[in-house]
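Below, each chain spelled out in residue letters.
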Amino acid sequence: MSEANTSETAAVSIHHLSKSFDDVEVLRDVELEVKTGEVVTIIGSSGSGKSTLLRCINWLEKPDRGSIHIAGQRIGVHEDGRPMPVRELAKVRAQTGMVFQGFNLWPHLNVLHNVTEAPIHVQGKSKREAEELATALLEKVGMSQKHDSYPNTLSGGQKQRVAIARALAMQPEVMLFDEPTSALDPELVGEVLAVIKDLSAEGYTMVMVTHEMAFARAVSDQVVFLEKGLIIERADPETFFTTPKTDRVRKFLENHDTPSSA
Amino acid sequence: MSNWDILWDERAQFLSGFLSTLEIFGLSIVGAFVIGCGLLYLLEGSRKRLTMPLRIFIDAMRMLPFLILAYLLYYGLPSIGIRLDAWWSGVGALAVYHGCYFAEIFRGNRLTFPPGQIEAAQAHGFTKGKLFFRLLLPQIIMQTRPLLGNQLIYALKDTAFLVIITVSELTAAANSLSSTYFIPTEAFIVVIGFYWAISVAMEIIIKQCGRFSAKRGFDNV
Amino acid sequence: MNASAWHMLLEGAWTTVWISAVSIAIGVVAGLVIALIRLARIPIVDQLLVLYTSVARATPLVTLALFIFLSAPDLGLDLNRSVAGILALTLNTTAFNAEIWRSAFRNFSREQSEAAMATGMTPWVTFRRIMLPQMVITSLPGLVNEMSFLIKGSPAIAVIGIVDLTRVTNRISAVTYEPLPPILVAGVLYMAIIGCLVWLQRLAERRANRLAM
Ligand SMILES: Nc1ncnc2c1ncn2[C@@H]1O[C@H](COP(=O)(O)OP(=O)(O)OP(=O)(O)O)[C@@H](O)[C@H]1O
Ligand SMILES: [Mg+2]
């Protein structure tokens, strides 16, 4: 009973989530609750299952067990266990926006059309309406000068900002970021982080995987540490970065130059 | 007597058509290969006055159907006093036509060569001829092997055009058998089988050459 | 060459162009369909298509045209020359086009469609709006190149009595006793047609480079 209750209020709620890739358990009984307006950062070493967790949330990866609700709606399967038809799945997916490490912009479309594509062809918005929205969003990410450019002419930082605008265009309940700055040259990381920081200030709900510790500490409401598919620690950023409970996290933070002042 | 029995009785005709096609094919690709290498040699470091017309000639050939060239040699040349019979017109046209394609394949590969290797050889006192035949040509041939193999299959298929200028080869054999006995389906299935077999055999040979050259380390230049 | 010779040449050119154009149009679409079917890896069907591709690529067009035209009555079909010619060209070009489409499928990155699904596109919309347009752009240079090959192979249909741009030179010289001029003019016309295709291919390549990120 209480489960259904929390599902309705939370932007994302994950219960008993497990996932294996041929005999290797990548996620083990993960529980996670993301409230509306909250920023949750997932941290962990390489191969700990961070990407898999994020990709389960919008069903790009199919979990073996457990349930995921987006704004109270179950994704992937119906409550009674029937598999969800693709159209319905797509509708729930549209409630999430994802930003990939490798940008994954559509190279055959210019910047503006990358952003308008889904609103027009998923939500059925008119071209004008979609373009007005896209213009506003591109302005927000600082890319309003580049409407007509094609992705191959943009820098990595510019691509990622367009990708953020593309995800925002569906007005999702939650934004999912998978290491959005890992593929960027160091001097371009800042411009993307600045955009994400603005979004958090505006109250967007976000789940983010990142290796930028200082940034995680500055924007998160909740930090989750994943180790071999298990959440072994979760806390508010202050507690997490200053007084970690487990040795594992302490070691991890030592190896990543921990921000002493954030 | 079934249609297949008729074909079996007439196997000599198929065989002579098959051998004739192989003969035409073999002779013309040797010719084409020599022409291709010759064109590459002429293009290599010659003056612009020579390379320009050569490039135009090669590109022109690549924009023509093979049969037009065969027509030119067979029907056209007598007008200016050169008379070739159908067989030699066909072989000549095949050699020139595919020679130009070979040259273009070689040239495309030559463009990707790092200049350092050539300069090193020149520094060691290689002459132009030695440099070309000992150093450039073997590498280019090994590296363009798959493209050359493809071109060989095109050349094989082009031999069938010669039936139109009355050369008696494999397709002509099927054509004459099918009109003598009214068994076109069977006759052509057999002949298509022959072409297919030659192509598959060539593909296998090219692959085997690939193994050989990988061993010799030609591929990672 | 007199006016009627010119007229005949142009008619021959027109025959070559329209028969080739029809074959190209069918061949491009049929190649895509075959590539899609082969994606599904249906047993037996897949092997048959592999066999078809291999045989079609090895069979000379002349032989194929004769085969289709002469044995159609055996199979109870009544094909006129043009249909037989189109069928031969199409069967040939489809095999090559299928391989071009297939390699575009193979090289299409999963991340691209994941990005589309993540925005809420259904698989069908993803295919139509994201996958197909990119595949068309990447395949176009190869497809146009194959169109040039088809034009260069098209004189094969002369063997079943179609008076195309090559065959018409025989007709003209039968009257004028001067074979050289019509053959040369036909050659120039072929160069013009294929020159257009080469130019199109350059454009298509430039367009495709945009996708190479
Ligand atoms: N499609 C797949 N098939 C098989 N194994 C997979 C697949 N995707 C991920 N894995 C494995 O699952 C484990 C977790 O992968 P995941 O990508 O979630 O890790 P991660 O925490 O995101 O690591 P990183 O920091 O390197 O991105 C890894 O061991 C990985 O090899
Ligand atoms: Mg990852």
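Being a predicted model, the structure only gives us computed values, none of them experimental.

Trainee: Honestly, the interface of chain C and chain A in this entry has me stumped. Any pointers?
Mentor: Interface extent is often summarised as the accessible area lost during association of the parts. Of the residues lining the interface, 24 residues belong to chain C; the matching set on chain A comes to 25 residues. Counting each side, the surface lost to burial between chain C and chain A is near 2200 Å², with a carbon and sulfur contribution of 63%. The interface formed by chain C and chain A includes two salt bridges. Ionic pairing is found between C:Arg129 and A:Glu117, a salt bridge with its closest N-O pair at 2.6 Å. Between the two partners, chain C and chain A, sit eight residue pairs in polar contact (both at pLDDT 80 or more). For the side of chain C that touches chain A, the secondary structure elements donating two or more residues are helix 5 (110–118) and helix 6 (123–153) of chain C. For the side of chain C that touches chain A, the leading source of residues is helix 5 of chain C, giving eight residues. Within the side of chain C that touches chain A, the residues separate by chemical class into 13 nonpolar, six polar and five charged.

Trainee: Can you walk me through the packing of aromatic side chains in this structure?
Mentor: Within a pair of aromatic rings, the relevant descriptors are the distance that separates the centres and the angle that separates the planes. Taken as a whole and assessed by the stated rule, the structure comprises 21 aromatic pairs over all chains. Ring centres of B:Tyr154 and C:Phe96 lie 6.4 Å apart, and the angle between their planes is 15°; on these two criteria the pair is classed as stacked. One end of the pair, B:Tyr154, is in helix 8 (residues 145–158); the other, C:Phe96, is in helix 4 (residues 81–107), on a second chain. Note on B:Tyr154: relative accessible area 19%, which makes it buried. Plain terms: the ring middles of B:Phe188 and C:Phe67 are 6.3 Å apart, the flat faces sit at 40° to each other, and that makes the pair tilted. You can see B:Phe188 sitting in helix 10 (residues 184–216) and its partner C:Phe67 sitting in helix 3 (residues 61–71), one on each of two chains.

Trainee: Any chance you could explain the confidence of the model for chain C here in plain terms?
Mentor: Averaged over every residue, the pLDDT of chain C is 93; residues scoring 70 or more account for 100%. The complex prediction reports pTM at 0.88, with the ipTM value standing at 0.91.

Trainee: Explain the environment of A:Leu27 to me, please; I cannot follow it from the model alone.
Mentor: Residue and element names in this part refer to chain A. Relative to the helices and strands, Leu 27 resides in strand 2 (residues 24–35). C-alpha separation for the pair Leu 27 and Asp 64, spaced 37 residues apart in sequence, amounts to 9.5 Å. In this view, Leu 27 contacts Leu 17, Ser 18, Lys 19, Gly 49, Thr 52, Leu 53, Cys 56, Leu 226 and Gly 229; residues no more than four positions away in its chain are not counted.

Trainee: Sorry if this is basic, but what is going on with the interface of chain C and chain B here?
Mentor: Residue-level contacts link 37 residues of chain C with 35 residues of chain B. Between chain C and chain B the total buried area reaches about 3200 Å² when both faces are included, carbon and sulfur atoms providing 75% of it. Here chain C and chain B share zero salt bridges between them. Across the chain C-chain B interface, the total number found is seven residue pairs in polar contact (both at pLDDT 80 or more). Those elements that provide at least two residues to the side of chain C that touches chain B are helix 2 (45–58), helix 3, helix 4, helix 6, helix 7 (168–176) and helix 8 (180–209) of chain C.

Conventions used here
Per chain, the residues get numbers from 1 upward, laid out in the order the sequence is written. For naming, the first written chain is A and the first written ligand is 1, with later ones following in the order written. A pLDDT threshold of at least 70 governs which residues receive local features in this predicted model, and a stricter bar of 80 or more applies before side-chain atom pairs are shown or counted, although totals over entire chains, interfaces and linings include all residues. Hydrogens and water molecules were not included; the side-chain quantities draw on all heavy atoms of the structure. Residues count as neighbours in contact if any of their non-hydrogen atoms are within 4.5 Å of one another. Two parts placed together each lose some accessible area under a 1.4 Å probe, and the buried area is that loss summed for both. Salt bridges are defined as contacts in which a side-chain nitrogen from Lys or Arg sits within 4 Å of a carboxyl oxygen from Asp or Glu. Two N or O atoms form a polar contact when they lie within 3.5 Å of each other; inside protein one atom must be a possible hydrogen donor and the other a possible acceptor, and for residues adjacent in sequence the pair counts only when both atoms belong to side chains. Helix and strand definitions here come from DSSP, where helices need a minimum of 4 consecutive H or I residues and strands a minimum of 2 consecutive E residues; each element is numbered from the N-terminal end. For this classification, Asp, Glu, Lys and Arg are treated as charged, while Ala, Val, Leu, Ile, Met, Phe, Trp, Tyr, Cys and Pro are nonpolar and the rest, including Gly, are polar. Two aromatic rings, drawn from Phe, Tyr or Trp (for Trp, its six-membered ring), form a pair once their centres lie within 6.5 Å of each other, and the interplanar angle then sorts them: stacked below 30 degrees, edge-to-face above 60, tilted otherwise. Classification of residues uses two cut-offs on accessible area relative to the type maximum, computed with a 1.4 Å probe and protein chains only: under 20% is buried, over 50% is exposed, and between them is partly exposed. For every residue, the predictor reports its confidence as pLDDT, a number between 0 and 100.

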